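# Geometric and topological summary
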Amino acid sequence: MAPGVTQKSGDSAQESSEPQEWRPIRPNMVITGTPGVGKTSFSTELARELGLRHIEVGVFARERNLLADHDPLRNAFYMHEDAVLDELEPLMTDGGIILDHHSCDWYPERWIQMVICLRASTEALYDRLEQRGYSSHKLNENMEAEIMQVVFEEAVNSYPNIPVLQLQNDNEEQKRRNINEVKRLWRSLVRRFENHGENLISDTGAGVDGSVS
Ligand SMILES: Nc1ncnc2c1ncn2[C@@H]1O[C@H](COP(=O)(O)OP(=O)(O)OP(=O)(O)O)[C@@H](O)[C@H]1O
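Bear in mind the structure is a predicted one, so any value in this text is a computation, not a measurement.

## Looking at unusual backbone geometry
Despite not being glycine, Asn75 has its phi angle at roughly 50°, a positive value. Mapped onto the fold, Asn75 is located in the loop between β3 (67-71) and β4 (76-79). What makes Asn75 exposed here is its relative accessible area of 58%. Despite not being glycine, Gln149 has its phi angle at roughly 45°, a positive value.

Listed below in structure tokens is the structure:
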């Protein structure tokens, strides 16, 4: 995996100059995971069913000409991270956003109220990445990252106040079960967010297929 495919310079999940009490009008969600685990498929369905806006961060950056250098080894572009954050800020303030990207350590923590890390078995992931025609370097790098749970640990370290839901996404049946469970958790979060000003989910994990929250 390209380490972040972002160019870091400044603000991050753990560095915020905003007052602690700042919160979006509605909650936001991050869906992360190694490339190929199924973030975009999952986010698209979830956003449609919950009436949320799905932002595939790499596409968002490309559409706004916020891509930086090209990494020839991975055939991927870095992003101008600060500029992407600036563009995202008003959207995140309104809330109801699903941010979909394989790196999640650069958003201000105050933006995010739910974090999901999708996982895939080595067999499922290998097949998906091979089908994409990835170079052996890129394929091996991603496989190793998934086995070493690099993205999950990044998510846990970036959002110390939010339980990170880890969901196994090897097949369509698991995806459907997980989407249904995330919808239930999200609706519960929204109710508590509106009623009591809470921004944490407390009942994560229960009944979610393969979850290790
Ligand atoms: N639950 C699933 N069962 C079977 N195939 C799946 C599942 N989820 C996704 N896929 C397939 O895996 C491939 C990768 O999915 P997707 O593009 O959603 O992954 P991604 O994590 O968003 O990747 P990237 O980070 O590179 O954008 C696609 O061909 C998709 O159809």
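What follows picks up the thread again.
## A short note on the layout of surface pockets
Leftover empty space is mapped by rolling, across the atoms, a probe with the size of a water molecule. The volume enclosed by the largest pocket comes to roughly 780 Å³. In terms of lining, the largest pocket is formed by 34 residues, of which the most central are Pro35, Glu56, His102, Arg132 and Tyr134. Mapped onto the lining of the largest pocket, the elements with two or more residues apiece are α1 (39-50), α2 (57-63), β4, α5 (136-147) and α7 (172-196). Class assignment of the residues belonging to the lining of the largest pocket gives a composition of twelve nonpolar, eleven polar and eleven charged.

## As for the pattern of salt bridges
Throughout the structure, instances matching the rule amount to 13 salt bridges. For Glu45, the salt bridge is made with Arg176, and the minimal N-O distance between the two is 2.9 Å. Of this pair, Glu45 sits in helix α1 while Arg176 sits in helix α7, and the two are 131 residues apart along the sequence. Note on Glu45: relative accessible area 18%, which makes it buried. Using a relative accessible area of 30% as the deciding quantity, one classes Arg176 as partly exposed. With a closest N to O distance of 3.2 Å, Lys175 and Glu172 form a salt bridge. One end of the pair is Lys175 and the other is Glu172, both in helix α7 and three residues apart, which spans about a single turn. Accessibility expressed as a relative area gives 8% for Lys175, which makes it buried.

## Some points on helix α3 (residues 81-94)
One turn of the α-helix equals 3.6 residues, which is why residues spaced by three or four share an orientation. Its 14 residues place the ends of α3 20 Å apart at the C-alpha level, agreeing with the 20 Å of an ideal helix rising 1.5 Å per residue. The sharpest bend along α3 reaches about 40° and sits at Leu88, with the proline Pro90 one to four residues further on. Taken as a whole, α3 has its buried residues at Glu81, Val84, Leu85, Leu88 and Met92. Gly95 sits one or two residues past α3 and shows a positive phi near 85°.

Cut-off values and rules
- Residues numbered from 1 in each chain as written.
- Predicted model: local features only at pLDDT ≥ 70, side-chain atom pairs only at ≥ 80, totals over all residues.
- Heavy atoms only, no water.
- Helix = DSSP H or I, 4+ residues; strand = E, 2+ residues; numbered from the N terminus.
- Buried < 20%, exposed > 50% of the residue type's maximum accessible area, 1.4 Å probe, protein only.
- 1 Å grid on protein atoms, 1.4 Å probe; cavity = no way out; pocket = protein on both sides within 12 Å on 5 of 7 lines; lining within 4 Å.
- Points joined across faces, edges and corners; volume = space filled by probe spheres on them.
- Nonpolar A, V, L, I, M, F, W, Y, C, P; charged D, E, K, R; others polar.
- Salt bridge = Lys/Arg side-chain N within 4 Å of Asp/Glu carboxyl O.
- Expected span 1.5 Å × (residues − 1).
- Bend = angle between axes of the 7 residues up to and from the residue.

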